[in-house]
Amino acid sequence: MAVASTVLVVGASRGLGLALAEEWLKRDARVIATVRTPSLELNALQGRYVGSLEIETLDIADAASLLALRDRIGARSLDVLFVNAGICKANEDTPSTVAEQDFIDMMLTNALSPARLVELFESLVPTSGVIAIMTSELGSIAGNSGLWELYSSSKAALNMLMKCFASRRAGDPRALLLVAPGWVRTDMGTSAANLSIDESIPFVVGSVERSRGKAGLRFIDRNGRTLPW
């Protein structure tokens, strides 16, 4: 009998993160899901998957919180580490109009903190495992036509941090993924988005699973296609 995969989903209280946790549970994985504050939806999911879903508290923007979680689960092996973290503020602003703190918050949450988490937790992911981070097609400098420039710049920073992370680990056999799920109808994506969660997340999880054993960094969309940087 095959041993169930262990998946850590960071940022799973609602929206895409919650859907990621549920999709892996449907695929018989053991899931560790993190929340910053209690989530009734995630608690309900835990009631449906007794023994398969663990809930941990984490503030991804707080370095001490990251280290505390690393200490708590440090003896575990993670087949998949999936970081889902993101905020969007001042999406109509430009560099001359944005409140500095809004831009700092986006850079901290969207770029620095996910990259820091990956560095702190990478030793828990075996050579056959996958490290993935949720990003956006707007973070592609080649593919972005100028939409939401400040949010996009934070995602571009995340992509560059992961590119540098990969280059410092030449020969690493693990799959390193930057995953763009598409424009999905969530609180952040708004009701105008062209994709539902059910149309996006199964493709995202499938792409991650198909990437096992394929070394190197890839920037992929919800269908597994490699996108331009």
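The structure we're discussing is the one just above.
The numbering scheme is per chain: residues are counted from 1 as the chain's sequence reads. The predicted nature of this model means local features are confined to residues of pLDDT at least 70 and side-chain atom pairs, given and counted, to a pLDDT of 80 or more, with totals for whole chains, interfaces and linings taken over all residues. Side-chain figures throughout are based on the complete set of non-hydrogen atoms in the structure, without hydrogens or water.

**Student:** Break down the pattern of salt bridges for me, with residues and values.
**Tutor:** Two side chains carrying opposite charge are able to pair once their charged atoms lie near each other. The term salt bridge refers to a pairing of a side-chain nitrogen on Lys or Arg with a carboxyl oxygen on Asp or Glu at a separation within 4 Å. According to the stated counting rule, one finds 11 salt bridges in the structure shown. Ionic pairing is found between E22 and R48, a salt bridge with its closest N-O pair at 3.1 Å. Taken together, the residues span a long stretch of sequence, with E22 in helix α1 (residues 15-26) and R48 in helix α2 (residues 40-48) at a distance of 26 residues. Among the residues examined, R48 registers a relative accessible area of 52% and is labelled exposed. Taking the shortest distance from any N to any O, the salt bridge between E23 and R27 comes out at 3.0 Å. When a residue's accessible area, from a 1.4 Å probe over protein chains only, is under 20% of the maximum for its type it is buried; when over 50% it is exposed; and in between it is partly exposed. Taking relative accessible area as the criterion, E23 reaches 12% and is therefore assigned buried. Judged by its relative accessible area of 39%, R27 falls in the partly exposed class. Secondary structure elements follow DSSP: runs of H or I of four or more residues count as helices, runs of E of two or more count as strands, with numbering from the N terminus.

**Student:** A description of the packing of aromatic side chains should follow, citing residues and the corresponding values.
**Tutor:** When the centres of two rings from Phe, Tyr and Trp lie within 6.5 Å, Trp using its six-membered ring, the rings pair. Their planes under 30 degrees apart give stacked, over 60 give edge-to-face, and anything left gives tilted. Counted by the stated rule, this structure contains 2 aromatic pairs. Seen in terms of ring centroids, W148 and Y151 are 5.9 Å apart; in terms of plane orientation they differ by 85°. Their pairing is edge-to-face. Owing to a relative accessible area of 7%, Y151 belongs among the buried residues under this scheme.

**Student:** Outline the sheet that holds strand β3 (residues 53-57), listing residues and values.
**Tutor:** Note on pairing: DSSP must find at least two bridges between two strands before they are called paired. Spatially, 7 strands are ordered β3-β2-β1-β4-β5-β6-β7 in an open sheet, and the strand pairing comes out parallel. For this open sheet the edge positions go to β3 and β7 (216-221), each flanked by a neighbour on one side alone. With strand direction ignored, the average angle separating the axes of adjacent strands in the sheet is 15°. Bridging between strand β1 (residues 6-10) and strand β2 (residues 30-35) involves 4 bridges; their strand directions are parallel. Among the inter-strand pairings, V7 is bridged to a residue of β2, identified as V31. Residue contacts are defined here by distance: any two heavy atoms, one from each residue, within 4.5 Å place the two residues in contact. Angles run from 0 to 180 degrees between N-to-C directions of axes, and those axes are lines fitted to C-alpha atoms, restricted for helices to the stretch in contact. Sitting on the sheet, α2 is in contact with β2 and β3, with an inclination near 150° to β3.

**Student:** Summarise unusual backbone geometry; cite the residues concerned and give the values.
**Tutor:** Positive phi outside glycine occurs at D28, with the angle close to 70°. Structurally, the position occupied by D28 is in the loop between α1 and β2. In this structure D28 comes out as exposed when scored by relative accessible area, which is 62%. Even without being a glycine, A90 presents a positive backbone phi close to 50°. Judged by relative accessible area, which is 22%, A90 ranks as partly exposed.

Honestly, it's all geometry; don't read function into it.
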